[in-house]
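As a plain string of letters, each chain reads:
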Amino acid sequence: MSPPPHKPDLEHQSGQRLSFLYSFYKHFSHYPMPPVNWFWCLGACLLAALGLMMLSGLFLAINYVPDTHQAFQAIVTIERHVPSGWLIRAIHMAGATMIFAALYLHIGRGLWYGSYKAPREFVWLTGLLLMALFMVTAFAGYVLPWGQMSYWGATVITHAIESIPFIGKPLLNFLLGGPELGDIALRRFFILHFTLGFVAVAIIALHILCLHAVGPTNPTLDSPQPKRVTRPFHPFYTIKDNIAVCVFLIIYTILIFYLPHLIEKQANLLPANSLKTPDTISPEWYLAPFFAMLRAVPSQLGGLAIAFASLLMLFALPWLDRSPKHNATYRPLVRLGWILFFTAFLTLIVAGLEPPSTWWIWLSRVALLIWFSVFLVILPYASFRERHSKGEKS
Amino acid sequence: MSTEPPFDKDNGTTPPSRRKILTASTIALGGAGACALAAPFLESLEGPGADLRKAESDDKAAIVEVDLSDLKRGDHKQIKWKNWPVFIQYRTKDMIAALKEPALKALLRDPDSKIRQQPKDAVNDYRSINPDYAILIGICTHLGCIPNFRDVKGYAHKGGFFCPCHGSQFDNAGRVLKDMPAPYNLPVPPARFIKPTILRLGESAAEPHFSMNDIQQI
């Protein structure tokens with residue numbers, strides 16, 4: 001019996017011993033892909049970036065010392081005396097920016113094309129969990145060099161946690177192993193940062209498992225001419241993903257070699273000084289929207305609650321928009337909603353990076369209002385109308 | 001599935017097909033890229049200060065002057081030179097006499113220091129530039145432990161070194177006994193006396209260009 005033309009011979013000759021390969025063929029080689037566009041390649045880019053992060057992180061950990069008196073010097077040693085240490089650290093620092101850029105685009109793709117909807121709620125939720133995980137990991141990693149920005153960033157966040165009523169202080173004490181940012185806290189940040197990388201890998205596996213159970217969304221289904229033809233993952237999407245990863249790595253490389261000032265703040269080139277806050281303190285761009293939210297709300301606890309609620313909106317999304325239509329391109333009101341939301345998000349990034357001023361604080365408040373209106377008014381209303389009109393027709 | 005021809009077939013063109021060439025060149029280029037990326041990571045494993053260590057071993061900064069006027073006969077001191085422990089012992093007359101005894105030399109693996117473990121001016125029965133002093137790098141040539149001061153069996157008070165890790169015994173001149181795990185005599189660093197009791201380590205009078213990299217094994 002000759003094997004079917006598109007199946008590798010190995011599968012047939014070796015028989016049952018290699019039957020575990022069937023899962024591999026089913027989920028990678030032969031996985032049927034709907035006609036998705038280039039935005040569906042961001043997941044592969046994220047995997048590539050995560051691989052580089054784990055590799056560079058491991059090599060940085062070899063030379064790092066989680067001790068408040070030695071951490072800064074350890075980073076200087078890596079930069080100046082470990083052969084190629086500067087490059088490995090640049091890969092790691094630029095990796096944070098590249099991951100969050102791809103991550104936010106990946107989530108934006110999910111919003112626009114309705115990837116969060118039934119039956120993909122778990123894909124969406126595991127993805128958001130990964131985003132939260134990356135935020136915590138990035139923050140913990142940012143503390144490790146123990147420069148001025150590391151120290152004062154950590155100070156701001158720990159005070160935010162402290163402001164939670166009743167449990168804040170004991171919780172902080174529990175997390176930091178003491179009332180202050182000292183050696184014990186730094187060691188914990190290091191362990192947290194190191195461990196969460198591996199936790200992320202496990203959740204990514206879960207994320208992909210959830211996705212493959214139902215398959216990717218088909219962006220053409222809501223269009224007037226839906227295309228239902230599927231193609232095997234290999235070679236069509238392995239090649240496409242590879243091209244996307246190449247472009248992604250080129251941008252990554254440009255960031256490392258030509259724009260190093262974008263990936264490390266000058267203030268973090270000074271060792272932590274608990275007696276002097278830097279004149280301008282600003283977060284990394286990927287956490288800037290949430291920093292802007294903290295600043296936009298005059299109450300300490302209120303800011304924290306709003307930032308938390310803004311993320312909660314994303315988690316609740318599958319139940320806020322229950323229309324059967326997915327692609328925002330063919331949903332005029334939702335299209336407007338997402339355009340407003342993306343604008344608000346970008347505004348908050350800029351607002352978080354700018355020094356505080358009345359102008360930016362008010363702009364942040366408008367952006368926050370848009371953020372919540374999109375999720376709580378526009379989407380439920382559009383969804384209600386679409387379901388209603390559909391019901392009338394049938 | 002679509003009606004397109006199978007993607008892994010040559011579609012009837014003459015081999016090697018365009019697809020095969022493209023696949024092979026992609027794999028080759030990707031492999032080269034992965035190798036290039038591996039280089040900085042492997043390089044970094046040399047650890048911090050690899051550049052400093054190299055500079056240090058290159059220049060003359062590794063010259064140390066040691067004052068031996070505080071040693072009485074039989075005393076020894078241990079100093080650090082180029083991160084190695086250097087044993088300096090002011091020998092007793094007994095020790096010096098024992099080093100020439102044929103009975104002791106018969107026990108040794110390389111009694112005449114034929115293997116290059118020392119600068120030329122230390123190729124003698126004392127393995128030293130001055131019979132009064134033993135100047136040795138205290139690193140066992142077996143697996144790098146640091147030996148203790150202990151006499152050779154049957155030669156009480158004649159000096160010697162014993163490695164606690166795997167039991168290699170050396171005589172007072174750092175010569176290893178036969179049938180010991182250590183293959184070579186203890187290394188002798190380049191040194192010269194600039195005053196009767198001032199030793200300059202790192203400089204050999206007989207061999208100005210002597211380097212510790214030249215010897216058989218540390």
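What you see is a predicted model, and the numbers here were worked out from it, not measured in a lab.

Asks: Help me understand the overall build of chain A, please; the structure alone is not making it clear to me.
Replies: The helix and strand inventory of chain A stands at 15 helices and two strands. Along the first, second and third principal axes, the C-alpha atoms of chain A reach 75 × 55 × 40 Å. Here chain A, with 394 residues, has 49% of them falling under the buried criterion. Taking the contacts inside chain A whose residues are at least 6 apart along the sequence as the reference set, 78% of them involve residues at least 24 apart. Distance from the positive charge centre (27 side chains) to the negative charge centre (17 side chains) of chain A: 10 Å.

Asks: Mind showing me how you'd approach helix H12 (residues 288-296) of chain A here?
Replies: An α-helical segment advances 3.6 residues per turn. Residues three or four places apart therefore align on the same side. Across the nine residues of H12 of chain A, seven count as buried, placing the element largely inside the fold. Residues Ala 288, Pro 289, Phe 290, Phe 291, Ala 292, Met 293 and Ala 296 of chain A constitute the buried set of H12 of chain A.

Asks: What is the right way to read the pattern of salt bridges from this model?
Replies: Oppositely charged side chains are able to pair whenever their charged atoms sit close together. All names here are of chain B. One pass over the structure, following the stated rule, counts 17 salt bridges over all chains. Between Arg 200 and Glu 65 there is a salt bridge, with its nearest N and O atoms 2.6 Å apart. You can see Arg 200 sitting in strand S9 (residues 198-201) and its partner Glu 65 sitting in strand S1 (residues 64-67), a full 135 residues away along the chain. For Arg 116, the salt bridge goes to Glu 207, with nearest N and O atoms at 2.7 Å. With Arg 116 in the loop between helix H4 (102-105) and strand S4 (133-137) and Glu 207 in the segment after S9, this pair connects stretches of sequence that are 91 residues apart. A relative accessible area of 29% means that Arg 116 is categorised as partly exposed.

Asks: What is the right way to read the UniProt feature "transmembrane region" (unreviewed entry) in chain B from this model?
Replies: Using the residue numbers shown here, the UniProt feature "transmembrane region" (unreviewed entry) corresponds to residues 21-42 of chain B. Helix makes up 100% of residues 21-42 of chain B and strand 0%, and the two end C-alpha atoms of the span are 31 Å apart.

Asks: Can you help me understand the state of the cysteines in this one?
Replies: Such a bond, covalent and formed between the sulfur atoms of two cysteines, is termed a disulfide. Residues and elements named next belong to chain B. For the structure shown, the criterion picks out one disulfide over all chains. A sulfur-sulfur separation of 2.0 Å characterises the disulfide bridge that pairs Cys 145 with Cys 165. Torsion about the S-S bond of the Cys 145 and Cys 165 cystine: about -95°, corresponding to left-handed handedness. Of this pair, Cys 145 sits in the loop between S4 and strand S5 (148-149) while Cys 165 sits in the loop between strand S6 (161-162) and strand S7 (169-170), and the two are 20 residues apart along the sequence. Of all cysteine sulfurs in the structure, the one in Cys 163 sits closest to Cys 140, which takes part in no disulfide; the separation is 3.8 Å.

Asks: How do you make sense of the side chain of Ser 383 of chain A when you look at a structure like this?
Replies: Mapped onto the fold, Ser 383 of chain A is located in helix H15 (residues 358-393). Ser 383 of chain A has contacts with Leu 320, Asp 321, Arg 322, Ser 323 and Arg 331 of chain A, leaving out every residue within four places of it along the chain.

Asks: So what exactly am I meant to see when it comes to the nonpolar core here?
Replies: It is characteristic of soluble globular proteins that their nonpolar side chains tend to be buried jointly. Membership of the largest hydrophobic core comes to 107 residues, with the highest contact counts inside it found for Met 131, Tyr 252, Trp 338, Trp 371 and Phe 375 of chain A. Not counting the four nearest positions on each side in its chain, Met 131 of chain A is found in contact with Leu 103, Tyr 104, Ile 107, Leu 311 and Leu 314 of chain A. Counting 19 residues, the second-largest nonpolar core is a separate cluster that includes Ala 62, Ile 79, Ile 137 and Leu 201 of chain B.

Asks: Teacher, can you tell me more about the packing of helix H5 (residues 85-112) of chain A against helix H1 (residues 18-44) of chain B here?
Replies: Packed helices, taken two at a time, are described by their axes: the angle between them and the distance between them. The geometry of H5 of chain A relative to H1 of chain B is characterised by a closest axis approach of 8 Å and an angle of 120° between their N-to-C directions. It follows from the interaxial angle that H5 of chain A and H1 of chain B lie oblique. In this structure, H5 of chain A meets H1 of chain B at a crossing whose hand is left-handed. Where H5 of chain A approaches H1 of chain B, its residues Leu 87, Ile 88 and Ile 91 of chain A are matched on the opposing element by Leu 37, Pro 40, Phe 41 and Ser 44 of chain B. Considered class by class, the residues forming the contact of H5 of chain A with H1 of chain B number six nonpolar, one polar and no charged.

Asks: Quick question: what am I supposed to make of the pairing of S9 of chain B here?
Replies: Looking down a regular strand, the side chains alternate between one sheet face and the other. Residue and element names in this part refer to chain B. Pairing geometry for S1 and S9, over four bridges, is antiparallel. When the sheet's bridge partners are listed, Val 66 is paired in S9 with Leu 199. Pairing between strand S8 (residues 191-195) and S9: four bridges, direction antiparallel. Across the sheet, residue Phe 193 finds its bridge partner in S9, namely Leu 199. Taking the residues that link successive antiparallel strands as the turn, the S8-S9 hairpin has two residues.

Asks: Help me understand the UniProt feature "domain: Rieske" (unreviewed entry) in chain B, please; the structure alone is not making it clear to me.
Replies: Per the UniProt record, "domain: Rieske" (unreviewed entry) is annotated on residues 100-200 of chain B. Across residues 100-200 of chain B one finds 4% helix and 19% strand; the C-alpha atoms that close the span lie 26 Å apart.

Asks: Can you walk me through the sheet that holds S5 of chain B in this structure?
Replies: Strand pairing in a sheet relies on backbone hydrogen bonds, with the paired strands running either antiparallel or parallel. Residue and element names in this part refer to chain B. If you trace the three strands from one edge of the open sheet to the other, you get S5-S6-S7, paired in antiparallel fashion. Of all strands in the sheet, those bounded by a partner on one side alone are S5 and S7. With two bridges connecting them, S6 and S7 associate as antiparallel partners. Its bridge partner being in S7, Phe 162 is matched across the sheet by Gln 169.

Asks: Quick question: what am I supposed to make of the environment of Thr 195 of chain A here?
Replies: Structurally, Thr 195 of chain A can be placed in helix H9 (residues 183-214). It is 32 Å that separates the C-alpha atoms of Thr 195 of chain A and Trp 319 of chain A, two residues lying 124 residues apart in sequence.

Asks: Can you walk me through unusual backbone geometry in this structure?
Replies: Residues and elements named next belong to chain A. In the segment running from Ala 118 into Pro 119, the intervening peptide bond is cis, with an omega of 5°. Topologically, Pro 119 is positioned in the loop between H5 and helix H6 (121-143). Of note, the amide linkage connecting His 234 to Pro 235 takes the cis form, showing an omega dihedral of 5°. Structurally, the position occupied by Pro 235 is in helix H10 (residues 233-258). The phi torsion at Phe 166 lies on the positive side, around 65°, for a residue other than glycine.

Asks: Help me out: how do you make sense of the sheet that holds strand S3 (residues 84-90) of chain B in this one?
Replies: Residue and element names in this part refer to chain B. Read across the open sheet, the three strands follow the order S2-S3-S4; overall the sheet is antiparallel. Looking at the sheet topology across the chains shown, the edges are occupied by strand S2 (76-81) and S4. Averaged over all adjacent pairs, the angle separating strand axes in this sheet is 20°, with direction ignored.

Analysis parameters
Residues numbered from 1 in each chain as written. Chains lettered and ligands numbered in written order. Predicted model: local features only at pLDDT ≥ 70, side-chain atom pairs only at ≥ 80, totals over all residues. Heavy atoms only, no water. Helix = DSSP H or I, 4+ residues; strand = E, 2+ residues; numbered from the N terminus. Buried < 20%, exposed > 50% of the residue type's maximum accessible area, 1.4 Å probe, protein only. Contact = heavy atoms within 4.5 Å. Lys, Arg positive; Asp, Glu negative; His and termini not counted. Charge placed at Lys NZ, Arg CZ, Asp CG, Glu CD. Salt bridge = Lys/Arg side-chain N within 4 Å of Asp/Glu carboxyl O. UniProt positions renumbered as here; feature names shortened; annotations may be inferred. Disulfide = S-S within 2.5 Å. Core = buried A, V, L, I, M, F, W, Y, C linked by side-chain atoms within 4.5 Å. Axes fitted to C-alpha atoms, helices over the stretch in contact; angles between N-to-C directions. Parallel < 35°, antiparallel > 145°, perpendicular 65-115°, else oblique. Left-handed = near helix turned anticlockwise from the far one by under 90°. Nonpolar A, V, L, I, M, F, W, Y, C, P; charged D, E, K, R; others polar. Pairing = 2+ DSSP bridges.

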